[in-house]
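Overview (structure and organization)
So the chains spell out like this:
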There are 4 protein chains.
Amino acid sequence: MIIIMRPKAPQENIESVIEYIQSRGLKAHLSQGEMVAIIGVVGDKTRLDNQNIELLDGVEKIMPVTESFKLSNKKFKPDPTVIDIGGVKIGGGSFVVMAGPCAVEGKDVLLAAARAVKDAGAAILRGGAYKPRTSPYSFQGLEEQGLKFMAQAREETGLKIVCEVTSQQAVETAANYVDILQIGARNMQNYELLKLAGRTKIPVLLKRGLSATIEEWLNAAEYVMSEGNDKVILCERGIRTFETSTRNTLDISAVPVIKEKSHLPILVDPSHASGVRKYVSALSMAALASGADGLMIEVHPDPAKALSDGPQSLNPSDFKLLCEKLRPVAKLIGKEM
Amino acid sequence: MIIIMRPKAPQENIESVIEYIQSRGLKAHLSQGEMVAIIGVVGDKTRLDNQNIELLDGVEKIMPVTESFKLSNKKFKPDPTVIDIGGVKIGGGSFVVMAGPCAVEGKDVLLAAARAVKDAGAAILRGGAYKPRTSPYSFQGLEEQGLKFMAQAREETGLKIVCEVTSQQAVETAANYVDILQIGARNMQNYELLKLAGRTKIPVLLKRGLSATIEEWLNAAEYVMSEGNDKVILCERGIRTFETSTRNTLDISAVPVIKEKSHLPILVDPSHASGVRKYVSALSMAALASGADGLMIEVHPDPAKALSDGPQSLNPSDFKLLCEKLRPVAKLIGKEM
Amino acid sequence: MIIIMRPKAPQENIESVIEYIQSRGLKAHLSQGEMVAIIGVVGDKTRLDNQNIELLDGVEKIMPVTESFKLSNKKFKPDPTVIDIGGVKIGGGSFVVMAGPCAVEGKDVLLAAARAVKDAGAAILRGGAYKPRTSPYSFQGLEEQGLKFMAQAREETGLKIVCEVTSQQAVETAANYVDILQIGARNMQNYELLKLAGRTKIPVLLKRGLSATIEEWLNAAEYVMSEGNDKVILCERGIRTFETSTRNTLDISAVPVIKEKSHLPILVDPSHASGVRKYVSALSMAALASGADGLMIEVHPDPAKALSDGPQSLNPSDFKLLCEKLRPVAKLIGKEM
Amino acid sequence: MIIIMRPKAPQENIESVIEYIQSRGLKAHLSQGEMVAIIGVVGDKTRLDNQNIELLDGVEKIMPVTESFKLSNKKFKPDPTVIDIGGVKIGGGSFVVMAGPCAVEGKDVLLAAARAVKDAGAAILRGGAYKPRTSPYSFQGLEEQGLKFMAQAREETGLKIVCEVTSQQAVETAANYVDILQIGARNMQNYELLKLAGRTKIPVLLKRGLSATIEEWLNAAEYVMSEGNDKVILCERGIRTFETSTRNTLDISAVPVIKEKSHLPILVDPSHASGVRKYVSALSMAALASGADGLMIEVHPDPAKALSDGPQSLNPSDFKLLCEKLRPVAKLIGKEM
């Protein structure tokens, strides 16, 4: 940590700050400029209530030097994490495709979607049983019945399944059915939910919050991992900006940034990022080429009849075309799809 | 709802859309321009899966005309909501000040804070017992013990108390102690939590999410209200933008916008909005002058020793000075403080 | 400046960086932590191509300590700048109101506006002769003829006049007419224009760019001031965010932030910030209470007939009401209006 | 255009609006809902001061139906624009790479860069002679001397050249040297500059403004095109958001959005978008895969010695590696590189 003193801060202020640091068993290194004095702090920072140093007389600001996330940090575990879900690998050299409807609406429509995405090349079926909707008057999901349909679709197709959870009860119920628990963007900083998901030890797909920085996102992963669950899959799904031609703005740079800072796998969800079906294909290609470990895509047998997110869902034939475009590029850049 | 057809959409597309609408028992009004046809839809829109109309052939986009929030909407209840908490009024002609430490750290420091804010003129004591922190390695709150200290502070000072809740268990526990349940910014779209808070029938202080639009915020209020709890107090606490000289950007316009769209009272939290103690006074004055119904301010007996948010906390004497600046302006503009 | 080395950077990297700094005549102070080494740099930083230090082996990042703006910086000139425009004072203890139509549309309508704003209490008339419009197909302004009408309005009413300039030619022409040159938000980083305005020595009203940080804004002021013109008036006019219920988001915190960082006066333009007439009054009150030095408000004798920005313009009677609300608050907080 | 009336607006208001529209020679179609009346307007909207309709009694808001940009609009010219610069094609099936230093610093270093980028496969040399810098105290460019060096580099290598212009004088001078005039992000809404560039008839590379929506960007192109210059090349270079791990946020979705809305070619500049050298390769690959027509990349023979933007510049060998990664993917997806 670095402490920047105010320009021409009096010598006694500087000395007080140094004493404060030393009194807590840390070392202080003074760098005295003509205008500004800088104090480097060395040692175990958990002994400091570091925010408060800003309130000592003469202090301009403090700057952290080391990152606040640890378990997800590549500096402490350089090798990429590979999560194996009954033979389906996420991370490392593979490129995984998760696809399916936004919401589980009924058994038949879900099975139709499952067969279609399996046929096109997806390895994992997505489908929401607990739907967080902006308005309380929108369709809220089939809950446990939806999970049962998902499990039946797994049985029939061999696809693994991923479902979003939105409450303690949903975590407890879903833990009996799913292969991957999804924490949605709106709940990325619902820390109680993150801890519950961490305790299940089931792999967690953690979507980035609408306005979460990458550092906050990795800190959210830290909540899951600090409960002893290191199987976290990150998923970039667009951030909120001023641009309105897409529902959110896909932050494609998050892929190389995460690859540099963390060992966790990162997927991209172009359906939620854009909110517009006709942009999904271009964004999927971009995600693959940027180095992402996979995609999460909304596919519905008949998007015009979907109860949720129809406009951003691909139909099965468009999804198949997309997979056929992705596969040779994946091969060319050395990803197994 | 309005449906905009693509430029020069064929007549059969237009007719299909009209048929679709009529088949669901609604009326369609065609407005045929040279380039573009527009179809107005009249009737009960809940009979339509309206998103999906976008997917019908020839449709460019749909535009909602009426707002999605109902119970919080001023159009349906023009008179301002006034919430009476044992004699302390929030909304209408009063200007309420809530103040206290970010986190409850211990009995003595809380009582010192409570006495100080009471003395300066606050009516309600704030203090967090369940703290949602960005990093799992930061102080997380005293939980029920913190609530007990808050209740003791109420007993001793006569102040009402408000505490944040972050989980089902926290709601259930806090319901036994507090006068107002607070839903924090990070949980504004934690819909399960909103519903639980709604069911308690205790007044709910609902902070705006970091990147929530005003419409999404009112829809979050709708989740509380649709459970039969119409005692919702909104609190603007800054939104996330590109500017870094303040921690968030106080959206002062939210005050007149909410006053126009909703009957619910709106407070401003200048401490979280700015994150910087020296800006709190100017922003508090702005909030009062803009028409807000009150303030929520962080005050700590000794900010340099606070376990959370020290840099944005006022000390008791600065808070007293602020109240003395606010009072004559409140009087001048006809607010009772 | 501070240089942060990578965790466990080899000793030879650290030495190379220190040598690089010393070779340019500056001093380097090493603060060696267990994980991270930090190097404080003392001396004249203009001798360093400082960005490139980031590229030296083992360097993680560099952090500037001192601010890049000098002439506008309060640290170097603590007293507030007061600009005297023929007796009308901007800055210090006064609260100035600039008002008038968005665009000069004709002589009669301008004179009607001028008389109305003079009557209500404005000291300065605003009116655009060169209009930067998003679409080339919108009304672009009367140019020099507009300036002549403004000068006539000054003659008749005694109001001072402020007009926006958008090109070299506009600066040269306007310099013959106006009391204050306005640089609009879209041109805040049009550095050639800033330098030209600086050379005129006429007071410059510098609007904040739509997505400019406060630091970039003060650096733009620096372009004007470094040409020898220290009469710069800042004007906050809303920044671009995700919120859509107002056209822009008024960053009211900019007022106390500027008051802390700079000696220059700061006005607020609630008309452009909100884009909505009915919010102008609340935001004007907030600006005054927050400590702003004045307001710039759009007033049109008949907003429904305005060629530009009608929806955000007040009519004369609403403007008069607003001034009557502002005046007692100004008096109460010690501002001369 | 659609006019939405307030809920339960009185019949006389509705009639007044209809009369207003008809009095200007347009047609009005009324769609009367139970709560809300909607009026569709058909005819030549330039006869309306359309903003002002919002101010008529009973009007809630107006909604444009057709887009404000015309010449750049794909609806009016479906075929993609291909710009031929002495045999180098931009748009259509080709993938062009522009590369070179941020600023022209001297003849030798420029020639070294030119040879390197030519060797790796670039077709066009970039290099700034007029540099818009945030601080007036930073290096501002070599101006005409820089243009001369660029022309010499063209002569020696056969590369075409592109240079940024920042003022009327720069346009006039640069027109004698360059193959493509570049308008930078900070000047995207400097309409006078856009018009001057339009009049030269030289191809214009128009960077997106830091906080410009795609619609504003296309309207800026419209300023160039409405002067009779239809050779506009768009360049996405990152937008301003809250995320700080990259300097800006590359809006990769802009590629498919532009491809849908406009016939103009679109490039991506990953160097300015990220500001970080190590992310340039991943973002370049993403741009290619998303369907962009080319790249603009900063390459410097010795980034650590660059006078501007060193940290985001590739060195020649990294650039060569990147081109070798791009080429097979370009071939696979049918782009000529």
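As the structure is a computational prediction, the values presented were derived from the model and not from experiment. (Residues numbered from 1 in each chain as written. Chains lettered and ligands numbered in written order. Predicted model: local features only at pLDDT ≥ 70, side-chain atom pairs only at ≥ 80, totals over all residues. Heavy atoms only, no water.)

1. Looking at the overall build of chain A
Defined as follows: Working definition: helices are DSSP H or I runs of at least four residues, strands are E runs of at least two. Numbering for both runs from the N terminus. Burial here depends on accessible area, computed with a 1.4 Å probe over protein chains only, as a share of the maximum for the residue type. Under 20% is buried, over 50% is exposed, and the range in between is partly exposed. A contact between two residues is defined here by any heavy atoms of the two lying within 4.5 Å. Every accessible area reported is derived by Shrake-Rupley at a probe size of 1.4 Å, with residue values counting cover from the shown protein chains alone. Counted as positive: Lys and Arg. Counted as negative: Asp and Glu. His and the chain ends are not counted at all. Charge positions come from single atoms, namely NZ of Lys, CZ of Arg, CG of Asp or CD of Glu.
When you go through chain A residue by residue, the secondary structure sums to 11 helices and 14 strands. Oriented by its inertia axes, the alpha-carbon framework of chain A measures out at about 75 × 45 × 40 Å. Within chain A, the fraction of its 337 residues that count as buried is 63%. Long-range contacts, defined here as pairs at least 24 residues apart, represent 67% of the contacts in chain A between residues at least 6 apart. With an accessible surface of roughly 11500 Å², chain A has 47% of that area assigned to carbon and sulfur atoms. Once the 41 positive and 40 negative side-chain charges of chain A are each reduced to a mean point, those two points are 4 Å apart.

2. Points about the pattern of salt bridges
Heads up, the condition is: Each reported salt bridge corresponds to a side-chain nitrogen of Lys or Arg within 4 Å of a carboxyl oxygen of Asp or Glu.
Inspection of every chain in the model, using the stated rule, returns 60 salt bridges over all chains. A salt bridge links E216 of chain B to R240 of chain A; the nearest nitrogen and oxygen atoms lie 2.6 Å apart. Here R240 of chain A lies in the loop between β12 (232-236) and α8 (254-261) and E216 of chain B lies in helix α7 (residues 214-225), a pairing that spans two chains. Taking relative accessible area as the criterion, E216 of chain B reaches 14% and is therefore assigned buried. The partner of E227 of chain C in a salt bridge is R199 of chain C, and the shortest N-O contact between them spans 3.1 Å. Here E227 of chain C is found in the loop between α7 (214-225) and β12 (232-236), whereas its partner R199 of chain C is found in helix α6 (residues 191-200), with 28 residues between them in sequence. Taking relative accessible area as the criterion, E227 of chain C reaches 25% and is therefore assigned partly exposed. The class for R199 of chain C is partly exposed, based on a relative accessible area of 46%.

3. Overview of the relation of the copies chain C and chain D
As a reminder, the rule being used: Here the copies are matched by least squares. The fit uses the C-alpha atoms of residues with pLDDT of at least 70 in both.
When chain C is fitted onto chain D, the two copies agree to an RMSD of 0.0 Å after a turn of 180° and an axial shift of 0.0 Å. Both copies are brought into coincidence by an operation consistent with a two-fold rotation axis. Residue S211 of chain C of chain C places its C-alpha closer to the rotation axis than any other residue of that unit, at 3.0 Å.

4. Focus: the domain arrangement of chain A
In many reports, interface size means the accessible area that the parts give up when they come together. Selection rule: Residue ranges for the domains originate in an automatic or database domain assignment.
Partitioning chain A into domains gives domain 1 (2-63) and domain 2 (83-332). Taking the mean C-alpha position of each, domain 1 of chain A and domain 2 of chain A sit 45 Å from one another.

5. Notes on the side chain of D293 of chain C
Condition: In the analysis that follows, any N or O atom pair within 3.5 Å is treated as a polar contact, provided that within protein one partner can donate a hydrogen and the other can accept it, and provided that, for residues neighboring in sequence, both atoms belong to side chains.
Note that D293 of chain C resides in the loop between α10 (280-290) and β14 (294-298). Polar contacts involving the side chain of D293 of chain C include one to the side chain of K259 of chain C, which spans 2.5 Å.

6. Observations regarding the packing of α7 of chain B against helix α8 (residues 254-261) of chain B
Residues and elements named next belong to chain B. The following threshold applies: Fitted lines through C-alpha atoms give the axes, limited to the stretch in contact for helices. The angle between two N-to-C directions lies from 0 to 180 degrees. Roughly parallel here means an angle under 35 degrees, roughly antiparallel means over 145, roughly perpendicular means 65 to 115, and every remaining angle is called oblique. Rotating anticlockwise by less than a right angle from the far helix to the near helix defines a left-handed crossing, while the corresponding clockwise rotation defines a right-handed one. Residues are sorted three ways: Asp, Glu, Lys and Arg are charged, Ala, Val, Leu, Ile, Met, Phe, Trp, Tyr, Cys and Pro are nonpolar, and all the rest, Gly among them, are polar.
At their nearest, the axes of α7 and α8 sit 11 Å apart, and the two run at 55° to each other. In this view, α7 runs oblique relative to α8, as classed from their interaxial angle. Judged by the twist between their axes, the crossing of α7 over α8 is right-handed. On α8, the residues that touch I214, W217 and L218 of α7 are A254, V257, I258 and K261. Residue composition of the contact of α7 with α8, grouped by class: 6 nonpolar, no polar and 1 charged.

7. Quick look at the environment of L55 of chain B
Inspection of the secondary structure assignment puts L55 of chain B in the loop between α2 (50-53) and β4 (59-63). By relative accessible area, L55 of chain B is classed as buried at 16%. Apart from the residues within four sequence positions on either side, L55 of chain B is in contact with R277, P303, A304, G310 and P311 of chain A.

8. Here we look at the interface of chain D and chain A
Note the following rule: Throughout, the accessible surface (probe 1.4 Å) given up by two parts as they are put together, summed over both, is called the buried area.
Taken together, the 34 residues of chain D in the interface contact 34 residues of chain A. Buried surface at the junction of chain D and chain A, both sides included, amounts to about 2800 Å², of which 72% is carbon and sulfur. For E260 of chain D, the salt bridge is made with K278 of chain A, and the minimal N-O distance between the two is 2.6 Å. Here chain D is connected to chain A by 8 residue pairs in polar contact (both at pLDDT 80 or more). Secondary structure elements with two or more residues in the side of chain D that touches chain A: α8 (254-261), α10 (280-290) and α11 (316-332) of chain D. With 6 residues, α10 of chain D is the single largest residue contributor to the side of chain D that touches chain A. Residues of the side of chain D that touches chain A, tallied by class, amount to 19 nonpolar, 8 polar and 7 charged.

9. Considering the state of the cysteines
All names here are of chain B. This is how it is decided: The rule for a disulfide is simple: a pair of cysteine sulfur atoms within 2.5 Å.
Applying the stated criterion across every chain, the model contains 0 disulfides over all chains. C235 takes part in no disulfide bond, and the closest cysteine sulfur, belonging to C102, lies 13 Å away. Judged by its relative accessible area of 0%, C235 is buried.

10. What about the confidence of the model for chain A?
Rule in force here: Confidence scores here are pLDDT values: one per residue, from the predictor, ranging 0 to 100.
Looking at chain A, the pLDDT average stands at 91 and 97% of residues meet or exceed 70. ipTM for the predicted complex: 0.91, alongside a pTM of 0.91.

11. Description of the packing of aromatic side chains
Going by this rule: Under the pairing criterion, centres of Phe, Tyr and Trp rings, with the six-membered ring standing for Trp, must be within 6.5 Å; the plane angle then separates stacked pairs below 30 degrees from edge-to-face pairs above 60, leaving the rest tilted. Here, over-ring charges are defined by two tests on the NZ atom of lysine or the CZ atom of arginine: distance to the ring centre within 6 Å, and angle to the ring normal within 35 degrees.
Scanning all chains against the criterion turns up 4 aromatic pairs over all chains. On the numbers, 4.2 Å between centres and 15° between planes, the contact of Y191 of chain C with Y223 of chain C is stacked. With Y191 of chain C in helix α6 and Y223 of chain C in helix α7, this residue pair connects regions lying 32 residues apart in the sequence. Each member of the pair, Y191 of chain C together with Y223 of chain C, is buried. Lying over the aromatic face of Y20 of chain B, R24 of chain B brings its terminal NZ or CZ to 4.0 Å of the ring centre.

12. Examining the pairing of strand β14 (residues 294-298) of chain B
All names here are of chain B. Put simply, the test is: At least two DSSP bridges between two strands are needed for those strands to be called paired.
Of all 5 residues making up β14, 5 are buried, and the element is well covered by its neighbours. Alternating residues of β14 divide into G294, M296 and E298 and L295 and I297, and every residue in both groups is buried. In terms of strand pairing, strand β7 (residues 96-100) meets β14 through 5 bridges, oriented parallel. Directly across from V96, in β14, lies its bridge partner G294. Relative to β14, strand β13 (residues 266-268) runs parallel, the two sharing 2 bridges.

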